Amino acid sequence: MLLVIEQFLNGLQLGITLFLMSAGLTLVFGIMQVINLAHGSFYMIGAYVCATVAARTGSFLLGLAAALPAAAFTGMLVEFIVLRRLYKREHLDQVLATFGLIMFFNELTRIIWGRQPLFLDVPPWLSDSLELLPGLIYPVYRLAVIGVGILVALALWYLFSRTRLGMQIRAGASNRDMISALGVNIKLLYTLVFGLGTLLAGLAGVMAGPILAVEAGMGENILILTFVVIVIGGIGSIRGAVAGALLVGLVDTLGRAFLPTLFRLIFQSATADAAAASLASMAIYILMAAILVWKPKGLFPAHS
Amino acid sequence: MNQKNRKISVIAGGALLLLLLPLVAVLLEETYFISLFSRIIIYGLAAVSLDLLLGYGGMISLGHAAYVGIGAYVVGIFFYHAQEMEPIISIPFIMHGSENALLVLPLAIIISGFFALVIGSLCLRTKGMHFIMITLAFAQMIYYFFVSLEKYGGDDGLSLYSRSSLPGLDLSNDLHFYYFCLFLLIGFLFLVKRTVDSRFGLVVRGGSNNERRLKALGINIYRYKLVCFVIAGAGAGLAGGLLANQTEYISPGLMHWTLSGELMVMVLLGGLGTLFGPILGAAVFLLMEETLAMYTEHWMVFMGPFLVLVVIFAKRGLFGLLTGEQNNNG
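Conventions adopted
- Residues numbered from 1 in each chain as written.
- Chains lettered and ligands numbered in written order.
- Predicted model: local features only at pLDDT ≥ 70, side-chain atom pairs only at ≥ 80, totals over all residues.
- Helix = DSSP H or I, 4+ residues; strand = E, 2+ residues; numbered from the N terminus.
- Rg over C-alpha atoms; globule rule 2.2 N^0.38 Å.
- Buried ≥ 20, exposed ≤ 12 C-beta atoms within 10 Å, placed from the backbone.
- Pairing = 2+ DSSP bridges.
- Contact = placed C-beta atoms within 7 Å.
- Expected span 1.5 Å × (residues − 1).
- Axes fitted to C-alpha atoms, helices over the stretch in contact; angles between N-to-C directions.
- Parallel < 35°, antiparallel > 145°, perpendicular 65-115°, else oblique.
- Left-handed = near helix turned anticlockwise from the far one by under 90°.
- Nonpolar A, V, L, I, M, F, W, Y, C, P; charged D, E, K, R; others polar.
- Core = buried A, V, L, I, M, F, W, Y, C linked by C-beta atoms within 7 Å.
- pLDDT = per-residue confidence, 0-100.

Participant: An account of the overall build of chain A is needed here, citing residue identities and associated values.
Facilitator: Across its full length, chain A holds eleven helices and two strands. At 20 Å, chain A has a C-alpha radius of gyration in line with the 19 Å of a compact globule built from 304 residues. If you line up chain A on its principal axes, its C-alpha atoms span 65 × 50 × 35 Å. Counting the 304 residues in chain A, one finds 50% classified as buried.

Okay, here's the thing in structure tokens:
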């Protein structure tokens, strides 16, 4: 039972990381109608900048403080130079251009930081473990990740439903020309939204840094999971991103943890392990297919 | 009329080049070019099959490499079992491995086509951005499935040590293999040309322009698109089967999504919906990769921005530049 709770928390923590990634990406999809494959690159940039600054200064917080602006600034620069020209183009063009951007950023990190993965240590003040329940010891760092994710979700909710900027963003999503005619600088608004999205991706990268290896190409693994989240949740919907991210995080983690045990009850151990391993790695895609058959536009479609 | 002549001469020139290239390479003793151009032909075949989706059907699939990979694995798995002398499956019937190209290549086509049927029937329920992301996600699922197959080498893949056998030809001879691939490419081009010019092709092309209008005409566009998706998947499977033979090696890397992206790049470079363009695109992409890689291992740092520039500024593709015509669906 304790193991179930522990794996549940792990799933929650993966879900939070996915939420940070998909919240930004779903906004860009939903508001600007542009498909951005390079979102994972900003996740990677966040992780690399934090790892480098933290290694130089010895402070994780300084690393975080450098990583967030780095990701947001690179994001806005990319929007300004490349993506802005693609808003009115076909999706195919957007896919290819952002594919080119991925190639560029991955290779650039290999040139700057080399092929060896970097390691980012958990900051000492978060490296303890906490006894949540008698017998259930859980790392504080992972709890902190969950906490940060919940805070970000609340902040985003506040931004979108309670502030003027949020209102303008929502208006820009439903009718670009109208809000532009009302005197809002829509170009600037788009750049800001894009920067916000890449900032969140950078934050996700920083938080995943101590848990995973920081290496070139790390963004693409999470990017594809993020796509699954967005397809499940519905494009352009923050609520959908929350639901999809938690669902994917939990199904993936719990599947990997418990499918082998379940299968061993039924089959011989060798076959069971092989079958469980393949099924666990495919579980979220099967989940996606099932949801798609049931609701082709996702759980919470934004413009329904 | 002048433009048509120009197009015909470009195509004839390309065909002549591909036909004569190995002979020149043998004369110059640069036999390396034969295997390089075999690769170009095989990737060209895969790119043509993708063009059927991107250029004619308006279906932006970002998971096309999955079918290339499945085709390669069909050839690889039959080969492995023929070598190990153990049946592939024994329940409900016994199926033995094989090295015969006349058996394994058609099987590669059929099995990839079958996967395309299953995946396509789900993906085609969606449109636009959803479709792009879902095709990518399913391809990734297949990728992870093959990574988890420890029996066939998992992540590391499997070396085949030789090529399939074919009565009358020696496929392990690079020259024979080259002409075999070229023959199949021409056959596939002929088939695709007939398909897109037929009534079926007209419906598929119409569907990418205005789906609602076709619905109003009483046409069930979903079925047409699905058949198109299956043909494209089957073509990619054939390319995969050839690729497994060419490199004598299979790995999940063949279905990684970066290969799907590269195939897309080839189609766009050559020209969307131009049928022959993607072969030119494959040639340019692979030759560029080959040349840049000679100067720096970090060639992608140049290739990336180059792609962005191509997308922003060159809308017609190289084939359109050569023939001076707009593409079919432009």
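Next comes the rest of the description.
Participant: Could you give an account of the overall build of chain B, naming the residues involved and the relevant values?
Facilitator: Each helix and strand counted, chain B has 13 helices and two strands in total. At 20 Å, chain B has a C-alpha radius of gyration in line with the 20 Å of a compact globule built from 330 residues. If one aligns the C-alpha atoms of chain B with their principal axes, the spans along those axes are about 55 × 50 × 40 Å. Taking all 330 residues of chain B together, the buried fraction comes to 48%.

Participant: Break down the pairing of strand β1 (residues 129-133) of chain A for me, with residues and values.
Facilitator: For a regular strand, side chains alternate in direction, first toward one face of the sheet and then toward the other. Residue and element names in this part refer to chain A. With zero of its five residues buried, β1 lies for the most part at the surface. The pairing of β1 with strand β2 (residues 136-139) spans four bridges and is antiparallel. Across the sheet, residue E131 finds its bridge partner in β2, namely I137. Between β1 and the antiparallel strand that follows it, β2, lie two residues; G135 among them carries a positive phi value of about 95°.

Participant: Provide a residue-level description of the interface of chain A and chain B, including the pertinent values.
Facilitator: Each side of the interface is counted separately: chain A has 37 residues, and chain B has 35 residues. For the side of chain A that touches chain B, the secondary structure elements donating two or more residues are α4 (91-113), α9 (218-233) and α11 (269-294) of chain A. For the side of chain A that touches chain B, the element with the most residues is α4(A), which contributes 16 residues.

Participant: Residue-level account of helix α2 (residues 39-57) of chain A, with values.
Facilitator: Think of an α-helix as 3.6 residues a turn; residues three or four steps apart then line up on the same face. Between its terminal C-alpha atoms α2(A) stretches 28 Å, which fits the 27 Å expected from 19 residues at 1.5 Å a residue. Positive phi shows up at G58(A), right after α2(A), with a value of about 80°.

Participant: Give me helix α10 (residues 257-270) of chain B: which residues, what numbers.
Facilitator: Residue and element names in this part refer to chain B. Taking 1.5 Å per residue, 14 residues should reach 20 Å; α10 reaches 20 Å between its end C-alpha atoms and fits that length. Across the 14 residues that make up α10, a large majority, 13, are buried. Looking one or two residues past α10, G271 carries a phi angle of roughly 130°, positive in sign.

Participant: An account of the packing of α2(A) against helix α8 (residues 186-208) of chain A is needed here, citing residue identities and associated values.
Facilitator: Residues and elements named next belong to chain A. As a packed pair, α2 and α8 sit with axes 7 Å apart at the nearest point and diverge in direction by 50°. In terms of orientation, α2 and α8 fall into the oblique class. Seen along the crossing, α2 lies across α8 with a hand that is right-handed. For the pair formed by α2 and α8, the contact residues are H39, F42, Y43, M44, I45, G46, A47 and C50 on the first element and T198, A201, G202, L203, A204, G205, V206 and A208 on the second. For the contact of α2 with α8, the residue count by class is eleven nonpolar, five polar and no charged.

Participant: Run through the nonpolar core, naming residues and quoting values.
Facilitator: Counting 207 residues, the largest nonpolar core has C50(A), V228(A), V68(B) and A137(B) as the members making the most contacts within it. Of the residues forming this core, the biggest block, 15 residues, is contributed by helix α2 (residues 32-57) of chain B. The residues contacting V228(A), other than those within four sequence positions of it, are V248(A), I284(A), Y285(A), M288(A) and A137(B). In terms of nonpolar packing, the next biggest core, distinct from the first, is built from five residues, L259(A), A276(A), A277(A) and A280(A) among them.

Participant: Give a detailed account of the environment of F8(A), specifying residues and quantitative values.
Facilitator: Residues and elements named next belong to chain A. Position of F8 relative to the elements: it lies in helix α1 (residues 2-32). Since 15 C-beta atoms lie within 10 Å of it, F8 is described here as partly exposed. Here the alpha-carbon distance between F8 and A257, two residues 249 residues apart in the chain, equals 9.9 Å.

Participant: Pulling in residues and values, what's your account of the packing of helix α3 (residues 65-84) of chain B against helix α9 (residues 221-247) of chain B?
Facilitator: All names here are of chain B. Taken N-terminus to C-terminus, the directions of α3 and α9 make an angle of 50°; their axes are 6 Å apart at the nearest point. Classified by the angle their axes make, α3 and α9 are oblique. Read as a crossing pair, α3 and α9 show a hand that is right-handed. Residues Y67, V68, G69, I70, G71, A72, V74, V75 and G76 of α3 form the contact with α9, whose participating residues are G233, A236, G237, L238, A239, G240, G241, L243, A244 and N245. For the contact of α3 with α9, the per-class residue count stands at eleven nonpolar, eight polar and no charged.

Participant: I'd like to hear about unusual backbone geometry, residue by residue, with values.
Facilitator: Residues other than glycine predominantly adopt negative phi, and peptide bonds predominantly adopt the trans conformation. Residue and element names in this part refer to chain B. Positioned with a positive phi, E248 is a non-glycine residue whose angle comes to about 55°. In this fold, E248 is placed in the loop between α9 and β2 (249-250). Judged by the 15 C-beta atoms lying within 10 Å of it, E248 is partly exposed. Of note in this structure, L275 is not a glycine but carries a positive phi near 65°. By the element assignment, L275 lies in the loop between α10 and α11 (277-295). With 22 C-beta atoms counted inside 10 Å, the residue L275 sits in the buried group.

Participant: How would you sum up the environment of L165(A)? Please name residues and give values.
Facilitator: All names here are of chain A. Of note, L165 is situated in helix α6 (residues 164-174). Among the residues examined, L165 registers 13 C-beta atoms within 10 Å and is labelled partly exposed. A sequence separation of 24 residues divides L165 from L189, and the C-alpha atoms of the two residues are 8.5 Å apart.

Participant: I'd like a rundown of the confidence of the model for chain B, residues and numbers included.
Facilitator: Residue and element names in this part refer to chain B. Per-residue confidence for chain B averages 86 on the pLDDT scale, and 97% of its residues sit at or above 70. When mean pLDDT is taken per element in chain B, α9 scores highest with 92 and helix α13 (residues 317-323) scores lowest with 77. For this predicted complex, the interface confidence score (ipTM) comes to 0.86, while the overall pTM stands at 0.88.

Participant: Got a sec to walk through the environment of L158(B)? Specific residues and values, please.
Facilitator: All names here are of chain B. For L158, the location among the structural elements is in strand β1 (residues 158-159). For the pair L158 and V24, spaced 134 residues apart in sequence, the C-alpha separation works out to 33 Å. With near-sequence residues (within four places) excluded, L158 lies in contact with G76, Y80, Y152, G153 and I250.

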